[in-house]
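If you want the building blocks of each chain, they are given just below.
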Amino acid sequence: MTGAVALVLALVASLAPQPARTPIGPDNAAAADCAWQRHAKRVVKKVRRHGKIRRVVRRKVWWSCVPQATAPVAAAPAPPAPPAPEPEPEANRLGVAAREFYFVLSRPSVKPGTVMIELNNQGEDPHNLNLQLEGDAGEPLQIPETDSEERNVASFDLPAGKYKLWCSLPEHEEKGMAATLQVAE
């Protein structure tokens, strides 16, 4: 008999008028005193499908309220914004990534004039970088030997033309450590 009484009480309680509930979430203005934080969790379940056990990966997402101070805070007047700086002309830069045994240039060509070249050694061996204008018999421009996982930067004044780039360490150029750079408008 006590089970039947409990069932009747539960039925009566469910029929009683309920106070209106407003959904609380990050899109609801009723929760203005909250800063909503989104949480996500990867959930892996094992389920039986077609007689075999399978892994099902789902993503559970929920929101939580981080209480904010409700007292109004007098905002200090913001200082005037400084004038926007004049945009600088695009720097004439070239990145060269060195690996065993090749170079990767950040761009195939640069403009004539002062060029900042950064040698980024991503390989296991030390490497250097030599530049020479094709047809020029003079001394090549050089970025010195750079150890593994290190960078070296140098600036050169390069006139227009086609430049050969190579690593002058023993056997590196023979193994393919060479590239071509075009300097043109």
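Residues numbered from 1 in each chain as written. Predicted model: local features only at pLDDT ≥ 70, side-chain atom pairs only at ≥ 80, totals over all residues. Heavy atoms only, no water.

Novice: Where do I start with the overall build of the chain in this structure?
Specialist: For the chain, the helix and strand inventory stands at one helix and eleven strands. The order of α-helices and β-strands along the chain, N terminus first, is α-β-β-β-β-β-β-β-β-β-β-β. Counting across all 185 residues of the chain, residues that qualify as buried make up 22%. At a minimum sequence separation of 6, the contacts of the chain that also span at least 24 residues come to 54%. Within the structure as shown, the chain displays about 14000 Å² of accessible surface, and the carbon and sulfur contribution to it stands at 55%. (Helix = DSSP H or I, 4+ residues; strand = E, 2+ residues; numbered from the N terminus. Buried < 20%, exposed > 50% of the residue type's maximum accessible area, 1.4 Å probe, protein only. Contact = heavy atoms within 4.5 Å. Areas by Shrake-Rupley, 256 points an atom, 1.4 Å probe, with all protein chains shown as cover.)

Novice: Explain the pattern of salt bridges to me, please; I cannot follow it from the model alone.
Specialist: Close approach of charged atoms lets side chains of opposite charge pair. For the structure on display, the rule yields three salt bridges. Across the pair Glu 118 and Arg 93 runs a salt bridge, and its minimum N-O distance is 3.6 Å. Linking Glu 118 in strand 6 (residues 113-121) with Arg 93 in strand 3 (residues 93-99), this pair joins segments that are 25 residues apart in sequence. Take Glu 118: its relative accessible area is 16%, and that puts it in the buried class. Here Arg 93 falls in the partly exposed class, since its relative accessible area comes to 38%. With its nearest N and O atoms 3.1 Å apart, the salt bridge here joins Arg 151 to Glu 118. (Salt bridge = Lys/Arg side-chain N within 4 Å of Asp/Glu carboxyl O.)

Novice: Just to check I follow, could you spell out the side chain of Asn 130 for this structure?
Specialist: Structurally, the position occupied by Asn 130 is in strand 7 (residues 127-133). What makes Asn 130 buried here is its relative accessible area of 3%. Of note is the side chain of Asn 130, whose polar atom sits 3.2 Å from the side chain of Gln 142. For Asn 130, the side chain forms a polar contact with the side chain of Ser 168, separated by 3.1 Å. Sequence-distant contacts of Asn 130, defined by excluding residues within four places in its chain, comprise Pro 140, Leu 141, Gln 142, Lys 164, Leu 165, Trp 166, Cys 167 and Ser 168. (Polar contact = N/O pair within 3.5 Å; in protein donor to acceptor, adjacent residues only side chain to side chain.)

Novice: Whenever I open this one, the packing of aromatic side chains confuses me. Can you help?
Specialist: To describe a pair of aromatic rings, one takes the distance between the centres and the angle between the planes. All chains considered together, the criterion is met by zero aromatic pairs. Here Lys 60 stacks its cationic end above the ring of Trp 62, 5.8 Å away from the centre of that ring. A cation sits over an aromatic face here: Lys 164 above Trp 166, 5.0 Å from the ring centre. (Phe/Tyr/Trp six-rings, centres within 6.5 Å; stacked < 30°, edge-to-face > 60°. Lys NZ or Arg CZ within 6 Å of the ring centre and 35° of its normal.)

Novice: Is there a simple way to think about the pairing of strand 2 (residues 52-67) in this case?
Specialist: Residues in a regular strand point their side chains to alternate faces of the sheet. Direction of pairing for strand 1 (residues 34-49) relative to strand 2: antiparallel, over a ladder of 16 bridges. Following the sheet pairing, Lys 41 is matched in strand 2 by Lys 60. Here strand 1 hands over to strand 2 after two residues, with His 50 in that stretch at a positive phi of 55 degrees. (Pairing = 2+ DSSP bridges.)

Novice: Quick question: what am I supposed to make of the sheet that holds strand 7 here?
Specialist: Pairing between the strands of a sheet is mediated by backbone hydrogen bonds and can be parallel or antiparallel. Taken together, five strands build an open sheet; the order of strands is 5-11-10-7-8 and the sheet is mixed. A strand with exactly one partner marks an edge of an open sheet, and here the two such strands are strand 5 (109-110) and strand 8 (141-146).

Novice: Help me understand a negative patch on the surface in this model?
Specialist: Together, Glu 124, Glu 145, Asp 147, Glu 149 and Glu 150 make up a region of like negative charge exposed at the surface. Looking at the element boundaries, Glu 145 is found in strand 8. (Patch = residues over 30% accessible without salt bridge, like charges linked within 9 Å, V, L, I, M, F, W, Y side chains within 5 Å. Lys, Arg positive; Asp, Glu negative; His and termini not counted. Charge placed at Lys NZ, Arg CZ, Asp CG, Glu CD.)

Novice: Would you explain unusual backbone geometry in this entry?
Specialist: In terms of backbone geometry, most residues other than glycine have negative phi values and most peptide bonds are trans. With an omega dihedral of -15 degrees, the bond running from Glu 100 to Phe 101 counts as a cis peptide bond. A positive phi is found at His 50, a non-glycine position, where the angle reads about 55 degrees. Tracing the sequence through the fold places His 50 in the loop between strand 1 and strand 2. Look at His 50 and you get exposed, because its relative accessible area is 81%. A positive phi angle is found at Glu 171, which is not glycine, with a value near 70 degrees. Relative to the helices and strands, Glu 171 resides in the loop between strand 10 (161-166) and strand 11 (178-183).

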